[in-house]
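Coordinate analysis (summary)
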2 protein chains.
Amino acid sequence: MNSPHLSRGAKQPPPPRGSKLRVYSNRFCPYSQRVILVLDAKKIPYDIVNINLSSKPDWLYDKVPNGKVPALETENGDILYESLIIVDYLDERYSQYPLHPKDPLQKAKDRILIERFNKVISTMYRVMMNVGRISLDDDEAISNGLTTFENELGDRVGPFFGGSKPGMLDFMIWPWCERADILKLFGNQHLLKKDKYKKLMEWRTRMTEETTVKKSLLDSEFHIKYLQSYRAGMPDYDLILNSK
Amino acid sequence: MNSPHLSRGAKQPPPPRGSKLRVYSNRFCPYSQRVILVLDAKKIPYDIVNINLSSKPDWLYDKVPNGKVPALETENGDILYESLIIVDYLDERYSQYPLHPKDPLQKAKDRILIERFNKVISTMYRVMMNVGRISLDDDEAISNGLTTFENELGDRVGPFFGGSKPGMLDFMIWPWCERADILKLFGNQHLLKKDKYKKLMEWRTRMTEETTVKKSLLDSEFHIKYLQSYRAGMPDYDLILNSK
């Protein structure tokens, strides 16, 4: 998971040992983490090839039409990309530990919530990458988004969106929730106040205790260090390796 | 299908007769057409409520959280939105005339192609709505997109993307292909030249002969008239009704 990120000029790694799936990934990419979480939750064996997103190896473009991560390579060399399409494929092909609700209506409702979370993602991204402080509009977009999820948790049996165990919705929003403390850096302490999003905060704590989540979990300290390197124009993807 | 479009102040229509699905739609909205095509392909009974998108009835926002069309209302009053989520729901819930490939890998590949078609959609939209003539960049984006689909048809058994009958991929890209002649208005005759996209053009003709497609099909003449009214700032959603 923390293997060095391959850059332009790096040799293409040999196929994975045994009949395994391979993920072209990046340790700090939240979309890649979605795929990793689902592979871990379903206990599907896989192999990771980490990619330096600032200097991609040429062969990546031969493998993946859009040259982006995450991409999944099947045992037969088929390539899939787009995180949500990859995870749906995994859930359909590997029947163990099903993650989507069985009921088509509930599944569709959860997929709508995942779409709605995109508004939180894009606002978080803008705040983290470009602007120093949170604008009122961004603050409102994130608050509205989180309130939707807070209320949703209240309406469900819980403690997870997926019920007694995390399901697809839990895992699809998790990577950004893992990074939420970063927002405090920008002075909006109240954004993540425990009393405003009580259920969501309890959910977050419970998620960090899940074996699946623990596998790819990084402390806020690492996320903040990475963000600082990114904002300085030199993203340190090998931060974890280098800090050992 | 061609019922008047309800505007602000219009009374909310009573529930559909019998146990039917209802689609909040707009006669010229290609995303709404996706849902209609799938309902027709699977022979699911439904009821249409057309919405004036320039002056939406207030009750629409009580029904649909984002106030957008298409939205699907189930017999129990549940609301789904986002065209691709609605059609996946319909294909899962109603097993007759399955539209997605059974193989999860092929299904995922088709979903990636539907995502890739978004590039064609967004470029077509920009060209049709804002700019007078096609820029070289837009021209290239549309050409690259169409070439992908032309090659894809060559690789498949055909004559449709779905095989001997149109499948989900065929229906999801159709609404924009139905409107493709509009691009000729902007002077790029070569864009849709028959010899460049031979298979795609044959596919297009074959699609217009399908019963499902015929049900919602509009002549280019109508699409062009609608676009002219839209660009003049007064979209005439009731164009078909008014022209009778």
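Chain A carries the name Putative glutathione S-transferase omega class member 4 in an unreviewed UniProt entry, which gives Leptinotarsa decemlineata as its organism. Under the UniProt heading Sequence similarities (unreviewed entry), the entry covering chain A gives this text: "Belongs to the GST superfamily. Omega family."

**Notes on the packing of aromatic side chains**
Aromatic ring pairs are defined here through the distance separating the ring centres and the angle between the ring planes. Residues and elements named next belong to chain A. Considering all chains together, one arrives at 20 aromatic pairs over all chains under this definition. Aromatic side chains Trp174 and Trp203 sit 5.7 Å apart centroid to centroid with 70 degrees between the ring planes, which places their arrangement in the edge-to-face category. Taken together, the residues Trp174 in helix H6 (residues 168-178) and Trp203 in helix H7 (residues 198-208) connect sequence positions 29 residues apart. Residue Trp203 is classed as buried on the basis of its relative accessible area of 1%. Seen from the ring of Tyr97, Lys43 lies directly overhead, with NZ or CZ sitting 5.4 Å from the centre.

**What about the nonpolar core?**
Ranked by size, the top nonpolar core spans 67 residues in total, and within it B:Tyr24, B:Leu90 and B:Trp203 carry the most contacts. The greatest single-element share of this core, amounting to 9 residues, is contributed by helix H4 (residues 104-129) of chain B. Not counting chain neighbours up to four residues away, the residues in contact with B:Trp203 comprise B:Leu153, B:Pro159, B:Phe160, B:Phe161, B:Asp170, B:Ile173, B:Trp174 and B:Cys177. The next biggest cluster of nonpolar side chains, apart from the first, holds 66 residues, and it includes A:Leu39, A:Leu153, A:Ile173 and A:Met207.

**Considerations on the environment of B:Gly163**
Checked against the element boundaries, B:Gly163 lands in the loop between helix H5 (136-155) and helix H6 (168-178). For the pair formed by B:Gly163 and B:Ser7, sequence separation is 156 residues and the distance between their alpha carbons is 41 Å.

Scoring rules and cut-offs
- Residues numbered from 1 in each chain as written.
- Chains lettered and ligands numbered in written order.
- Predicted model: local features only at pLDDT ≥ 70, side-chain atom pairs only at ≥ 80, totals over all residues.
- Heavy atoms only, no water.
- UniProt positions renumbered as here; feature names shortened; annotations may be inferred.
- Phe/Tyr/Trp six-rings, centres within 6.5 Å; stacked < 30°, edge-to-face > 60°.
- Helix = DSSP H or I, 4+ residues; strand = E, 2+ residues; numbered from the N terminus.
- Buried < 20%, exposed > 50% of the residue type's maximum accessible area, 1.4 Å probe, protein only.
- Lys NZ or Arg CZ within 6 Å of the ring centre and 35° of its normal.
- Core = buried A, V, L, I, M, F, W, Y, C linked by side-chain atoms within 4.5 Å.
- Contact = heavy atoms within 4.5 Å.

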